[in-house]
Amino acid sequence: MPEDFHHQQFWMEGWKIATNRMHYLHVSHLGLSDSLRTLIRVRANLRKPNLNLELIKPDVETLWSELAKKADESAHAYFNGENGFECCFLAITGNSYITGSVVISRFMPHPAR
């Protein structure tokens with residue numbers, strides 16, 4: 001059974017705090033979803049064009065490891081895309097679970113107005 005709304009908010013707040021520590025990211029979306037595959041969704045892009053995405057993965061892994069400490073069991077996996085990567089995660093606490101994804105995209109300049 002998925003975590004109840006209160007606990008989903010707790011996990012989401014953990015991601016919010018964690019992503020705030022990553023000053024090189026611009027978080028465009030952090031929210032809850034009604035999809036059981038991704039109850040929490042985080043979408044962000046790099047703030048600068050010269051940052052290497054492969055160097056960002058260990059930071060995301062560290063953040064997930066810190067958040068997952070409160071779980072009885074946890075897992076995560078990375079999937080590379082054309083414009084970045086996605087880290088999908090799952091944590092089990094008691095008889096409940098939480099799922100989510102963190103999508104990190106390359107720097108995208110804003111079009112001229």
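For the structure, check the block above.
Since we're looking at a predicted model, the values are computed, not measured.

A word on the sheet that holds strand β3 (residues 73-80)
Overall, mixed pairing links the five strands, which are arranged β1-β2-β5-β4-β3 in an open sheet. Each of the sheet's edge strands pairs with one partner strand only, and the pair in question is β1 (25-32) and β3. Neighbour-to-neighbour, the strand axes of this sheet turn through a mean angle of 15°, independent of strand direction. Here eight bridges tie β3 to strand β4 (residues 84-93), and the two strands are oriented antiparallel to one another. Paired with Ser74 across the bridge in β4 is Ala91.

A closer look at the pairing of strand β5 (residues 96-105)
The element β5 is largely enclosed, with a buried count of eight among its 10 residues. In terms of strand pairing, strand β2 (residues 40-46) meets β5 through six bridges, oriented parallel. Bridging from a neighbouring strand, Val42 pairs with Val102 of β5. Across 10 bridges, the pairing between β4 and β5 is antiparallel.

How each quantity is defined
- Residues numbered from 1 in each chain as written.
- Predicted model: local features only at pLDDT ≥ 70, side-chain atom pairs only at ≥ 80, totals over all residues.
- Heavy atoms only, no water.
- Pairing = 2+ DSSP bridges.
- Helix = DSSP H or I, 4+ residues; strand = E, 2+ residues; numbered from the N terminus.
- Axes fitted to C-alpha atoms, helices over the stretch in contact; angles between N-to-C directions.
- Buried < 20%, exposed > 50% of the residue type's maximum accessible area, 1.4 Å probe, protein only.

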